[in-house]
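Coordinates in review
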Amino acid sequence: MAHEITVINNKHAKNLTAYVEHYKAKFYERLEAYNAVGDLDWYAGSWHFGEKGVAWLKETKDHGFKWDEVSSRVKGLTKMEISKDFQDFMRAYHMHQVVTSSGLPSGSTLDKPLQIMKRWYWEMVTETGQTHPMYLTADIIHAAMDRHKENSKSAPNVSDYCDVAASIINLLRRYDLFMVNIEVENKHPCRNASKSTKEMK
């Protein structure tokens, strides 16, 4: 019980709650704008994205955003259930992307941060036993980058994911959501020089 009181009174936990509630409200506003109130549950373990998706979750390619677990199909990770607090954190960031994008973001644009955050969660739980997002650190995020690199054959893909991870943290730092200041960088950059040269021409 004492632990619950500590969390409730913690500034970072309160900031995370405010962040989640803000974007949860945006979720319901968007559903209303699409005349889709009641068609999608914020707390559902997964949201379908595809031709039969709801509101902004429509695209020709069918897939889903699974919030409640890390899949063992993710290279380098084992199956792990995700805490409710971290699920809400990921859903809120999803909505953050939706409402701040010009036009509708693609499924891949929305899915990549989700996969990255799941790697953070797995690393955090494995290394510290903590399940609340306020316990994320730069070491945890860099360890997730390292594990991704160790288990991938595509250096450009890993580099792209690391870039996105750094951009997520840069965006979230202004909200003071974490117990420690987090500054991260892409530890595994892989720039396509030939592509850049072609674009310059």
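This one's a predicted model, so the numbers in the text were calculated from it and none came from an experiment.

On to the overall build of the protein. Across its full length, the protein carries seven helices and four strands. Each helix (α) and strand (β) of the protein, taken in turn from the N terminus, gives the series α-α-β-β-β-β-α-α-α-α-α. Taking 2.2 N^0.38 as the reference for a compact globule, 201 residues should give roughly 17 Å; the C-alpha atoms of the protein span a radius of gyration of 18 Å, in line with that estimate. Along the three orthogonal principal directions, the C-alpha set of the protein runs to about 55 × 40 × 30 Å.

Let us look at the packing of aromatic side chains. As enumerated under the stated definition, the model contains 13 aromatic pairs in all. Geometrically, the ring pair formed by Phe27 and Trp56 is edge-to-face, given 5.9 Å between the ring centres and 80° between the ring planes. In this pair, Phe27 sits in helix α2 (residues 11-33) while Trp56 sits in the loop between β1 (46-49) and β2 (63-66), placing the two residues 29 residues apart along the sequence. By relative accessible area, which is 1% here, Trp56 ends up buried. Through successive ring pairs, a cluster of aromatic residues spans Phe27, Tyr28, Trp42, Trp47, Phe49, Trp56, Phe65 and Trp67.

Time to look at the environment of Glu185. Mapped onto the fold, Glu185 is located in the loop between α6 (155-172) and α7 (193-200). For Glu185, a relative accessible area of 47% translates into the label partly exposed. In this structure, the C-alpha to C-alpha distance between Glu185 and Val164, residues 21 residues apart in sequence, is 9.9 Å. Not counting the four nearest positions on each side in its chain, Glu185 is found in contact with His142, Met145 and Ala166.

Another aspect to go through is the confidence of the model for the protein. Confidence in the prediction for the protein averages 89 pLDDT; 90% of positions are at 70 or higher. The spread of mean pLDDT over the elements of the protein runs between α7, the lowest at 38, and strand β4 (residues 80-81), the highest at 98. Below pLDDT 50 for its whole length, residues 1-7 participates in three contacts with residues either more than four positions away or in separate chains. Under a pLDDT of 50 for its full length, residues 193-201 has, in the predicted model, zero contacts with residues more than four places off or in other chains.

To continue, consider unusual backbone geometry. One non-glycine residue with positive phi stands out, namely Ala55, at about 55°. One can find Ala55 in the loop between β1 and β2. In the Ramachandran plot, Asp176 falls in the positive-phi region, its phi being about 55° despite a non-glycine side chain. Note that Asp176 resides in the loop between α6 and α7.

Membership of the largest hydrophobic core comes to 58 residues, with the highest contact counts inside it found for Trp56, Phe86, Phe89, Met117, Trp120, Leu136 and Leu172. Mapped by element, the contributors of at least two residues to this core are α2, β1, α3 (84-100), α4 (107-128), α5 (138-150) and α6. The leading source of residues in this core is α6, at nine residues. Once residues within four sequence positions are removed from consideration, Trp56 is found in contact with Phe27, Arg30, Leu31, Tyr34, Leu40, Trp47, Phe49, His94, Met95, Val98 and Leu104.

So, about the state of the cysteines. Within this structure, the stated rule accounts for zero disulfides. Free of any disulfide, Cys162 has its nearest neighbouring cysteine sulfur in Cys190, separated by 11 Å. Of the residues examined, Cys190 reaches a relative accessible area of 31% and is grouped as partly exposed.

About the criteria used
Residues numbered from 1 in each chain as written. Predicted model: local features only at pLDDT ≥ 70, side-chain atom pairs only at ≥ 80, totals over all residues. Heavy atoms only, no water. Helix = DSSP H or I, 4+ residues; strand = E, 2+ residues; numbered from the N terminus. Rg over C-alpha atoms; globule rule 2.2 N^0.38 Å. Phe/Tyr/Trp six-rings, centres within 6.5 Å; stacked < 30°, edge-to-face > 60°. Buried < 20%, exposed > 50% of the residue type's maximum accessible area, 1.4 Å probe, protein only. Contact = heavy atoms within 4.5 Å. pLDDT = per-residue confidence, 0-100. Core = buried A, V, L, I, M, F, W, Y, C linked by side-chain atoms within 4.5 Å. Disulfide = S-S within 2.5 Å.

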